[in-house]
Amino acid sequence: MIHNTDDRHGWFKRKCAAVSMPGGRLRCVPLLGYEKRYDFHAHGSTTPTSKRNFRMSGHQSCYSARPPPVLLLCQATTSLATLSGHHQSCYSASMDLPPDKAKLLRQYDDTKKWEMICDQELVSAKDPPSHYLHKLKTYLDPKASRSSRKRKMVGESTSTQVLRDLEISLRTNHIEWVREFLGEENQGLDVLVDYLTFRLMMLRHEERVRESMEEDSGSENHSTSGGSNNRPSLNSPRMKRASRHVQKLNMGDSKDDIHVCIMCMRAIMNNKYGFNLVFDHREAINCIALSLNHHSYRTKALVLELLAAICLVKGGHHMILNAFDNFKETCGDPHRFYTLMQYFSNPDCFHIEFMVSCMQFVNIVVHSVEDMNFRVHLQYEFSRLGLDEYLYRLRNTESEELHVQICAYLDNVFDVATLMEDSETKTAALERLHDTEEELAHTIERLRESEASWLSKSVELETELEELKRKNQELIETNDQVLAEVTTLRRTATQREEENRQQKTKLEHKIQHLETLSRSGECPLLSVVVG
């Protein structure tokens, strides 16, 4: 969804192109192609559509064969780059170009820019907005049919021709002209919506008259009042006055007027200012939706294109649903999209443009919702109206555009049965996950207890180890002391033993000496002692 309402236009073009057909063109939103003055093609060429449109509607007086002399003088005396730069900004502003188109315009060479600027200078509005609004207001005035002055003011042209001229002006004139038409002074959108409402009322009346005549032709006893209880009678004074009013003012056919009114709406929505006004105008959106009752499938396709564009804006989805709720109440339908699906699945003729627009509109309504539950609800709403069965019959369609839209819907559809199975599988998996989590919690608890016990034992063992290390150190120290003492004692014993050995040796030498002396008689004392 769009969060910045000032960027609605540029975003629409990108968003819709991504949603829809190959080749970058969205079938349902051609109104966002910015066809105000030039049609920008993919290869960069331009076609001046405004001149062609004016000629088709008899606006030849707006053009001259050559540029005015002033422009030729400026072209000859002023720098082309400077002049084109000044006019280019004015030209882009008058076209209300989106950023990507303005960038493409700036890429043209100076000659091409100058040609476009000169062509833009040649265009001028034939009539002011008030010219068309006075006529539309006259058509809406119940007393106008009784006033010769107002009938003369309307002239010989029908309301359809007035609307066609208005649509061409809205599509080809400068953006300032469109702003003046929609401004607070003229309030052109309100007038156009009022006129469309009036013509829709007349169309419903004509339909009821036709149905009543068909019923009367089949049964003479059938009541001529017709209609439902909540609708005005066919013979009500109000409808009689409205019918006489239409005839006296030479108004066109209701179907033609409604179609051209929708084209005017598209032209208004083709610029950011007009789109914002329509987006904020609830009655305008309701009237666009009610125009689906038009017999022309081309008109229905155009209506769906406009509704799809509104639906893509932030807040637009809710407004479109409200518009179809209003459609249901106004037309007495049993379901919200009943009439739309009847036109789609039971067409009088196979109109490929309408089929593609309708399928794309369904895609946008259903698949642009972020809430999955609401999305399934909308999907079921269309399925209950027979969309799935009809798409199955259309699966082998030869139209590539329609095939793309059908595939887009089927690829994004939610299979509720599969979702239920997935939900049950998920529920079972969540239960198993819950059991596993509980078991894991118990295991973690046991692990924590074991870890606490191990930590406690580890502390005790570390304490015992420290005590044993301390005792071992004491024993080592004691052992070192004992070894030192033993070494000292051994050294002392060795010294004493050496002293004793030396003393013994000395004594033995003395004894030998004495024995020697005693043998020689030199020592009587020794003999005495020996004896």
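Residues numbered from 1 in each chain as written. Predicted model: local features only at pLDDT ≥ 70, side-chain atom pairs only at ≥ 80, totals over all residues. Heavy atoms only, no water.

**Focus on the overall build of the protein chain**
What counts, and what does not: Segments assigned H or I by DSSP are reported as helices when at least four residues long, segments assigned E as strands when at least two residues long, and all are numbered from the N terminus. When accessible area is computed with a 1.4 Å probe and restricted to protein chains, residues below 20% of their type maximum are described as buried, those above 50% as exposed, and intermediate ones as partly exposed. For accessible areas, the Shrake-Rupley method is used with a probe of radius 1.4 Å. Any residue's cover is judged against the shown protein chains and nothing else.
The helix and strand tally for the protein chain stands at 24 helices and two strands. Within the protein chain, buried positions represent 40% of all 531 residues. Element-wise, carbon and sulfur atoms account for 52% of the exposed surface of the protein chain, whose accessible area totals about 30500 Å².

**What to know about the packing of helix 19 (residues 352–367) against helix 20 (residues 372–384)**
The cut-off we apply is this: Note on geometry: axes are C-alpha line fits, over the in-contact stretch for helices, and angles between N-to-C directions span 0 to 180 degrees. Whether two residues touch is decided by their heavy atoms; if any such pair falls within 4.5 Å, the residues are in contact.
Packing of helix 19 against helix 20 leaves a shortest axis separation of 8 Å and a crossing angle of 145°. Along its contact with helix 19, which presents Val362, Val365, Val366 and His367, the element helix 20 presents Arg375, Leu378, Gln379 and Phe382.

**Description of helix 7 (residues 129–140)**
Stated formally: For a helix, the expected span equals 1.5 Å multiplied by the residue count minus one.
If you check helix 7, its first and last C-alpha atoms are 17 Å apart, about what 12 residues at 1.5 Å a residue would give, namely 16 Å. All buried positions along helix 7 are accounted for by Pro129, Tyr132, Leu133, Lys135, Leu136, Thr138 and Tyr139.

**Looking at the packing of helix 16 (residues 297–311) against helix 19**
Using the following cut-off: Here the word oblique covers every angle except those under 35 degrees (roughly parallel), over 145 (roughly antiparallel) and from 65 to 115 (roughly perpendicular). By definition, any crossing whose near helix is turned counterclockwise from its far helix by less than a right angle is left-handed, and any crossing with a clockwise turn is right-handed. Note on residue categories: nonpolar means Ala, Val, Leu, Ile, Met, Phe, Trp, Tyr, Cys or Pro, charged means Asp, Glu, Lys or Arg, and polar means any other residue, Gly included.
Viewed as axis vectors pointing N to C, helix 16 and helix 19 meet at an angle of 20°, and their least axial separation amounts to 8 Å. Viewed along their axes, helix 16 and helix 19 adopt a mutual orientation that is roughly parallel. Crossing handedness for the pair helix 16 and helix 19: left-handed. Along its contact with helix 16, which presents Tyr297, Arg298, Lys300, Ala301, Leu304, Glu305, Leu307, Ala308 and Cys311, the element helix 19 presents Glu353, Phe354, Ser357, Cys358, Phe361, Ile364 and Val365. Residues that form the contact of helix 16 with helix 19 fall into these classes: 11 nonpolar, one polar and four charged.

**Side note on the packing of aromatic side chains**
Under the convention used in this document: The aromatic pairing rule takes the rings of Phe, Tyr and Trp, using the six-membered ring of Trp, and pairs them if the centres are within 6.5 Å, calling planes under 30 degrees apart stacked, those over 60 edge-to-face and the rest tilted.
Considering all chains together, one arrives at 10 aromatic pairs under this definition. Plain terms: the ring middles of Phe324 and Phe337 are 4.8 Å apart, the flat faces sit at 45° to each other, and that makes the pair tilted. With Phe324 in helix 17 (residues 316–331) and Phe337 in the loop between helix 17 and helix 18 (338–345), this pair connects stretches of sequence that are 13 residues apart. Note on Phe324: relative accessible area 2%, which makes it buried. According to the relative accessible area criterion, Phe337 is buried, its value standing at 0%. A centroid spacing of 5.2 Å and a plane angle of 75° characterise the contact between Phe344 and Tyr390, whose relative ring orientation is edge-to-face. One end of the pair, Phe344, is in helix 18; the other, Tyr390, is in helix 21 (residues 387–393), with 46 residues separating them in the sequence.

**Comments concerning the pattern of salt bridges**
To keep it simple, the criterion reads: Salt bridge, as used here: a side-chain nitrogen of Lys or Arg that lies within 4 Å of a carboxyl oxygen of Asp or Glu.
Following the criterion strictly, the structure yields eight salt bridges and no others. A salt bridge links Asp257 to Arg199, with the nearest nitrogen and oxygen atoms 3.1 Å apart. Placement of Asp257 in helix 13 (residues 254–269) and of Arg199 in helix 11 (residues 188–218) is noted, with a sequence separation of 58 residues between them. Put simply, Asp325, Arg336 and Glu381 are held in one network by salt bridges that share partners.

**A closer look at unusual backbone geometry**
Unlike most non-glycine residues, Gln187 shows phi in positive territory, near 50°. With respect to the secondary-structure elements, Gln187 resides in the loop between helix 10 (175–182) and helix 11. The class for Gln187 is partly exposed, based on a relative accessible area of 40%.

**Concerning the nonpolar core**
Put simply, the rule is: Put simply, buried Ala, Val, Leu, Ile, Met, Phe, Trp, Tyr and Cys residues joined by side-chain atoms within 4.5 Å make one nonpolar core.
The biggest cluster of nonpolar side chains holds 89 residues, and the ones touching the most others in it are Phe344 and Phe361. Contacts of Phe344, omitting those with residues within four sequence positions, involve Phe354, Met355, Cys358, Met359, Leu387, Tyr390, Leu391 and Leu394.

**Things to note about helix 13**
Rules: Identification of polar contacts relies on pairs of N or O atoms within 3.5 Å, with a donor-acceptor requirement for protein atoms, meaning one able to donate a hydrogen and the other able to accept it, and with residues adjacent in sequence counted only if both atoms are side-chain atoms.
With 16 residues, helix 13 should reach 22 Å at 1.5 Å per residue; the first-to-last C-alpha distance of 22 Å fits that figure. One side-chain oxygen at the N-terminal end of helix 13 lies 3.0 Å from the backbone nitrogen of Lys255; it belongs to Asp253.

**Focus: a negative patch on the surface**
Applicable threshold: Note on patches: the residues involved have over 30% relative accessible area and no salt bridge, like charges join within 9 Å, and the nonpolar side chains Val, Leu, Ile, Met, Phe, Trp and Tyr join within 5 Å. His is not counted, nor are the chain ends, whereas Lys and Arg count as positive and Asp and Glu as negative. Where a charge lies is defined by one atom per residue type: Lys uses NZ, Arg uses CZ, Asp uses CG and Glu uses CD.
Taken together, the side chains of Glu431, Asp435, Glu437, Glu438 and Glu439 define an acidic patch exposed on the protein surface. Looking at the element boundaries, Asp435 is found in helix 23 (residues 416–520). Relative accessible area serves as the criterion here: at 47%, Asp435 is assigned to the partly exposed category.

**Points about the confidence of the model for the protein chain**
Using the following cut-off: You can read pLDDT as the predictor saying how much it trusts each residue, on a scale of 0 to 100.
The share of residues in the protein chain with pLDDT of 70 or more is 70%, and the mean pLDDT across the chain is 76. Predicted confidence is poor over residues 222–232, with pLDDT under 50, and the contacts of this stretch with residues over four places away or in other chains come to 16 contacts.

**Quick notes on the state of the cysteines**
Quick reminder of the rule: Pairs of cysteine sulfur atoms within 2.5 Å are identified as disulfides in what follows.
Taken as a whole and assessed by the stated rule, the structure comprises zero disulfides. Note on Cys261: no disulfide assigned, nearest cysteine sulfur contributed by Cys264 at a separation of 6.0 Å. For Cys261, a relative accessible area of 0% corresponds to the buried category.

**What about the side chain of Ser345?**
Mapped onto the elements, Ser345 comes out in helix 18. Taking relative accessible area as the criterion, Ser345 reaches 13% and is therefore assigned buried. A polar side-chain atom of Ser345 sits 2.6 Å from the main-chain carbonyl oxygen of Met341. Beyond its immediate chain neighbours, meaning those up to four positions away, Ser345 contacts Tyr390 and Arg393.

**Notes on the environment of Glu400**
Looking at the element boundaries, Glu400 is found in helix 22 (residues 400–412). Judged by relative accessible area, Glu400 falls into the exposed class, the value being 56%. Expressed as a C-alpha distance, the spacing of Glu400 and Val356, which sit 44 residues apart in the sequence, is 9.8 Å.

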